[in-house]
Amino acid sequence: MDYSTSLLRLTFLALGAALVLLVVRSAFRLPHDIDDTASIFDDGAGCTRFSPWACGRQRRTDTTPKPKPSPARSSHESDVPRHPLDPLTVTEINRARELLRAHPPFASSPSSLAVHELALDEPEKPVVRRWRKGALPPRRAVAVVRFRGESHVLAVDLEAGAVTPLPAPASGYPTMTMDEQRALCAAPFSDPAFNASIRRRGVRMGDVACLPISPGWYGPAEDGGRRLIKSQCFSTEGTANFYMRPIEGLTVLVDMDTREVVHVSDRGAGIPIPAAKNTDYRRAADDDHEDAGKQSTFGYQTVRAPSMEPAPEGPGFEVEDGHTVRWAGWEFHLKADARAGMIVSCAAVQDPSTGARREVMYKGMASELFVPYMDPTEAWYFKTYMDAGEYGFGLQAMPLVPLNDCPRHARYMDGVFVAADGRPYVRENMICVFERYAGDIAWRHSESPITGMDIRESRPKVTLVARMAASVANYDYIMDWEFQMDGLIRIKVGLSGILMVNGTPYAHMNQI
């Protein structure tokens, strides 16, 4: 009896020790991704540096499968310029920030200074063309800032430490910063009239996402130099594709500097919010669909990107000093830019006959993307987007997805940009460079048997592509600079993403 009792006590003691060990282990378990970008920049409302548009008042649960953590990448803190056109480095950006914050009148209130643009002040074209590898021309930057409601343009001499005011444009406003775009998402919710309109529509506040649509001049309310923008809102209930669920007719005019709601226009009474069914574009949503097994076996949904393995000796191009690309006699300078997205400079090709270097293009970039909807109604007339100048083509560029956006053997290039407070941040995998072969023929010739010559000559059409993709709200632009073996450069712009829809009271075509 004593033996059985002792054994029972020993068993309970062992189980208790195991339970305590399990609890202690769980309590001290650390997260795997302690440097998760989304958690660092999360503002408490589900808005991060990499997702500025879907900014509602309450946190929403994202069911999209999270990618596996990627290996640590360079912070670019040790980068140094090696070419006259190399973009500003992290060190140079920090230096420019110090100089700007110490410059009068900004020194009186550095926290009131908002940096809208800080980029390399490129040397004159003759200087760049004469330059040979070695010492660089003086490094300078140009800054566009806002301070207490006024715009300033300044030249910053990074070596001499001097800041010189430049003439500011007589009209217009600088590119919006990512920080103020995020803040403008939340601005409408502070207005009682806006909240009342949402309640009348029967939409839960937690399902509302508002976007700053288009800045511009909207009549006498702008007198006094106020920067105004119109925002519109959507319902996120039941889908990640909130663009398909507009709260039609509800438009909010917001002061971009003070975040004050100037006017609320609600002309959408009687227009229902479109249904969420079949609007979610995520692959995970398709997998959860009741007909997923049937849908995934037909048509384009069965196609996957082929595994384009690189040659055993590696890619046929090289990237030197981070920005100089060489391939098949081509040489050019490639860099990310906050406004233009991607800039190709000093493109030259080697003459196959003489070996001489022939200049093809000094500088190429997207100057603007103008998107006028040309709908005269109250809720649509102002939609005349300047996607590069107003939003920043590079600022809106998202990290490219390996194997889907770019093939397996691609090389990636990061962008180093400037936040509103003047601090640098890195946009990883913004540009990719790769060789493209689609099975096409560049040139061929075979001799007829009657000549007695057994000749069959063929050359594959291989090109080099530099690519970026910018997600400007619902639109995704894919920009390709394609270099051919015959000395031609082709610029291709692809449009993808999601349609911007107009809500209507009609449910069927025969009602129109």
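Our subject is the structure that appears above.
Let me sum up the structure you'll find in this document. (Residues numbered from 1 in each chain as written. Predicted model: local features only at pLDDT ≥ 70, side-chain atom pairs only at ≥ 80, totals over all residues. Heavy atoms only, no water.)

## Section: the overall build of the chain
A count of helices and strands for the chain gives eight helices and 20 strands. When the 512 residues of the chain are sorted by exposure, 41% land in the buried category. For the chain, the share of sequence-separated contacts (at least 6 apart) that also reach a separation of at least 24 residues comes to 58%. For the chain, the accessible surface area stands at approximately 28,800 Å², while carbon and sulfur atoms represent 55% of it. (Helix = DSSP H or I, 4+ residues; strand = E, 2+ residues; numbered from the N terminus. Buried < 20%, exposed > 50% of the residue type's maximum accessible area, 1.4 Å probe, protein only. Contact = heavy atoms within 4.5 Å. Areas by Shrake-Rupley, 256 points an atom, 1.4 Å probe, with all protein chains shown as cover.)

## A closer look at the packing of aromatic side chains
As enumerated under the stated definition, the model contains 15 aromatic pairs in all. Between the aromatic rings of tryptophan 330 and phenylalanine 483, the centroid separation amounts to 5.1 Å while the plane-to-plane angle is 70°, which identifies the pairing as edge-to-face. Remark: phenylalanine 483 occurs in strand β19 (residues 475–483) and tryptophan 330 occurs in strand β11 (residues 330–337); sequence separation between them is 153 residues. Here the two residues tryptophan 330 and phenylalanine 483 agree in accessibility, since each one is buried. Geometrically, the ring pair formed by tyrosine 373 and tyrosine 385 is edge-to-face, given 5.8 Å between the ring centres and 80° between the ring planes. With tyrosine 373 in the loop between β14 (370–372) and β15 (384–386) and tyrosine 385 in strand β15, the pair connects residues that are 12 residues apart, well separated along the chain. (Phe/Tyr/Trp six-rings, centres within 6.5 Å; stacked < 30°, edge-to-face > 60°.)

## Considerations on the pairing of strand β1 (residues 113–120)
Extensive coverage of β1 is indicated by the burial of six of its eight residues. As judged from the seven bridges shared by β1 and strand β2 (residues 140–147), these two strands associate in the antiparallel manner. Looking at the pairing, glutamate 117 lines up with valine 144 of β2. (Pairing = 2+ DSSP bridges.)

## A look at the pairing of strand β20 (residues 489–497)
Both β19 and β20 contribute to a ladder of nine bridges, which runs antiparallel. Within the sheet, the bridge partner assigned to glutamate 482 lies in β20 and is arginine 490. The antiparallel hairpin formed by β19 and β20 contains five residues in its connecting segment, where glycine 487 sits at a positive phi of about 90°.

## Overview of the state of the cysteines
All told, the structure shown has two disulfides when counted by the stated rule. In this model, cysteine 210 is linked to cysteine 233 through a disulfide, with the two sulfur atoms separated by 2.0 Å. Its S-S torsion of approximately 100° makes the covalent link between cysteine 210 and cysteine 233 right-handed. Of the two residues, cysteine 210 sits in strand β5 (residues 208–216) while cysteine 233 sits in strand β6 (residues 228–235), which places them 23 residues apart along the sequence. Given the relative accessible area of 0%, cysteine 210 is considered buried. Here cysteine 406 pairs with cysteine 432 through a disulfide, and the sulfurs are 2.2 Å apart. Here the S-S torsion is close to -90°, and the disulfide linking cysteine 406 with cysteine 432 is therefore left-handed. (Disulfide = S-S within 2.5 Å.)

## Focus on a nonpolar patch on the surface
Taken together, the side chains of Tyr506, Met509 and Ile512 present a nonpolar region at the surface, about 420 Å² in accessible area. Locating tyrosine 506 in the fold gives a position in the segment after β20. (Patch = residues over 30% accessible without salt bridge, like charges linked within 9 Å, V, L, I, M, F, W, Y side chains within 5 Å. Salt bridge = Lys/Arg side-chain N within 4 Å of Asp/Glu carboxyl O.)

## Some details on the sheet that holds β1
With antiparallel pairing, four strands are arranged side by side in an open sheet as β1-β2-β3-β4. Unpaired on one side and paired on the other, β1 and β4 (162–166) mark the two borders of the sheet. Adjacent strand axes in the sheet meet at a mean angle of 30°, parallel and antiparallel pairs treated alike. Two strands pair when backbone bridges link them, and strand β3 (residues 150–157) and β4 are joined in this way by five bridges, in the antiparallel orientation. Following the sheet pairing, alanine 155 is matched in β4 by threonine 164. Relative to the sheet, helix α3 (residues 90–102) contacts β1, β2, β3 and β4, its axis offset from that of β3 by approximately 125°. (Axes fitted to C-alpha atoms, helices over the stretch in contact; angles between N-to-C directions.)

## Examining the nonpolar core
Generally speaking, soluble globular proteins have nonpolar side chains that are buried together. Counting 72 residues, the largest nonpolar core has Phe194, Val208, Leu334, Phe393, Met468 and Phe483 as its most contacted members. The element contributing the most residues to this core is strand β18 (residues 456–472), with six residues. Apart from residues no more than four positions distant in its own chain, phenylalanine 194 is found in contact with Pro188, Phe189, Val208, Cys210, Cys233, Leu250, Val252 and Val264. With 19 residues, the next largest nonpolar core counts Leu88, Leu113, Leu120 and Ala141 among its residues. (Core = buried A, V, L, I, M, F, W, Y, C linked by side-chain atoms within 4.5 Å.)

## Looking at α3
Helix length check: α3, at 13 residues, gives a terminal C-alpha distance of 19 Å against a target of 18 Å (1.5 Å per residue), a fit within 8%. Looking only at α3, the buried set comprises Val90, Glu92, Ile93, Ala96, Arg97, Leu99 and Leu100. Contacts made by the buried residues of α3 are with β1, β2, β3, β4, β16 (411–418) and β17 (424–446). (Expected span 1.5 Å × (residues − 1).)

## Comments concerning the sheet that holds β11
Read from one edge to the other, the open sheet built from five strands follows the order β9-β10-β11-β12-β13, with strand pairing classed as antiparallel. Lying at the two open borders of the sheet, with one neighbouring strand each, are β9 (318–320) and β13 (357–364). Pairs of neighbouring strands in the sheet enclose a mean axial angle of 20°, with direction left out of account. Where β9 meets strand β10 (residues 324–327), three bridges bridge the pair, whose relative direction is antiparallel. Counted as the bridge partner of valine 319 is valine 325 from β10.

## Structural notes on the side chain of arginine 227
Looking at the secondary structure, you find arginine 227 in the loop between β5 and β6. Separated by 3.0 Å, the side chains of arginine 227 and glutamate 180 make a polar contact. Excluding its chain neighbours within four sequence positions, the residues that come into contact with arginine 227 are His116, Arg146, Tyr173, Pro174, Met176, Glu180, Val254, Asp255, Met256 and Asp257. (Polar contact = N/O pair within 3.5 Å; in protein donor to acceptor, adjacent residues only side chain to side chain.)

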